[in-house]
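Here's the letter readout for the chains.
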Amino acid sequence: VKFVFLIPFYWLGVSKSALMAIFQMIIKPHYWEKTHHGMHIEKSPAAAKSYMSKKPALQPNLWVTESIFLIGATIFGNVLNFLYNAYLSRVLTLPDFGLISLFGSFQYLSSVFVYALSSTVTHRSAYLLGKYNIVAGGFLALVRKRAIYLSFLIACFWIVITPLLANFFQSRTIMPFIIFTPMWVITTAAAVNTGFLTGNHRFRTVSLIIIADAIAKFVLTVIFVRLHLYGYIYAIIPLSMLIGLAI
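Calculation notes
Residues numbered from 1 in each chain as written. Predicted model: local features only at pLDDT ≥ 70, side-chain atom pairs only at ≥ 80, totals over all residues. Heavy atoms only, no water. Phe/Tyr/Trp six-rings, centres within 6.5 Å; stacked < 30°, edge-to-face > 60°. Helix = DSSP H or I, 4+ residues; strand = E, 2+ residues; numbered from the N terminus. Buried < 20%, exposed > 50% of the residue type's maximum accessible area, 1.4 Å probe, protein only. Lys NZ or Arg CZ within 6 Å of the ring centre and 35° of its normal. Contact = heavy atoms within 4.5 Å. Core = buried A, V, L, I, M, F, W, Y, C linked by side-chain atoms within 4.5 Å.

By the definition in use, this model includes twelve aromatic pairs. Residues Phe106 and Phe169 carry aromatic rings whose centres are separated by 6.0 Å and whose planes lie at 90° to one another, so their mutual orientation is edge-to-face. With Phe106 in helix α4 (residues 94–132) and Phe169 in the loop between α5 (137–168) and α6 (175–180), this residue pair connects regions lying 63 residues apart in the sequence. Under the relative-accessibility criterion, Phe169 is labelled partly exposed at 33%. Taken together, Phe103, Phe106, Trp158, Phe168, Phe169, Phe177, Phe180, Trp184 and Tyr234 form an aromatic cluster joined through their ring pairs. A cation over a ring is seen here: Arg204 above Phe69, with NZ or CZ 5.1 Å from the ring centre. It is Lys217 that lies over the ring of Tyr84; its NZ or CZ is 5.2 Å from the centre.

Turning to the side chain of Ser207, a few remarks are in order. Assignment of secondary structure puts Ser207 in helix α8 (residues 203–226). Classification of Ser207 by relative accessible area gives buried; the value is 0%. Beyond its immediate sequence surroundings of up to four residues, Ser207 is in contact with Phe69, Leu70 and Ala73.

For the rest of this paragraph, the subject is the nonpolar core. The biggest cluster of nonpolar side chains holds 31 residues, and the ones touching the most others in it are Phe103, Trp158, Phe177, Phe180 and Ile233. Sorting the residues of this core by element identifies α3 (60–91), α4, α5, α6, α7 (182–199), α8 and α9 (236–246) as the ones contributing at least two each. Tallying contributions element by element places α4 first for this core, with six residues. Setting aside chain neighbours within four positions, we find Phe180 in contact with Phe103, Phe106, Trp158, Tyr234, Ile237 and Pro238. Ranked by size, the runner-up nonpolar core spans nine residues in total, among them Val114, Leu140, Ala191 and Val192.

Have a look at this one:
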């Protein structure tokens, strides 16, 4: 987590790798730029069979199924998020929609730190599962407690600076910023949970969270608009994430 500020350099490296992959896919489509994974060390069939017997079965069919389910859930979530923005753009005034977009930007910026936290939890959970073959519930409880405590402090700081933010972004009232406050705590808790689930190969559960979050966001938006609760639309993002967190 302490190296989170190096994430932009990581993105640069990933971008470079992606460009290299596209280039190689065109000129060398069958080239695999990876290190050898051990099977080349022993040449005899008996040695290879012995090596294979030491590894646990990976159940490839299950992994493929859950991977496809996760990809489908991600696509479905992106489509609903697009519909959410398109619907709000038609029913809100331009200043109100601009403020909603601002909170979406805040959420996106927070994802830099939240992604680092989630990836750290994923790595540690996978390590404990691989080495000791256990689901480290104690590790989850400890990390979640510390992360929520830190996010609570961030939320308190957010409340303190809401008058400054409202004035800077020319909002008529500070209430949208106050209503949005729980997002900091909920996002952090969700990141820890998602990282833990991913590290323990619970991809189907992660997919259900993505779907539930997207559906809840869109449905709550329609309900709030139909009931003319425009002043509470800013609570939709925290509420939808809370529903996903409950899963």
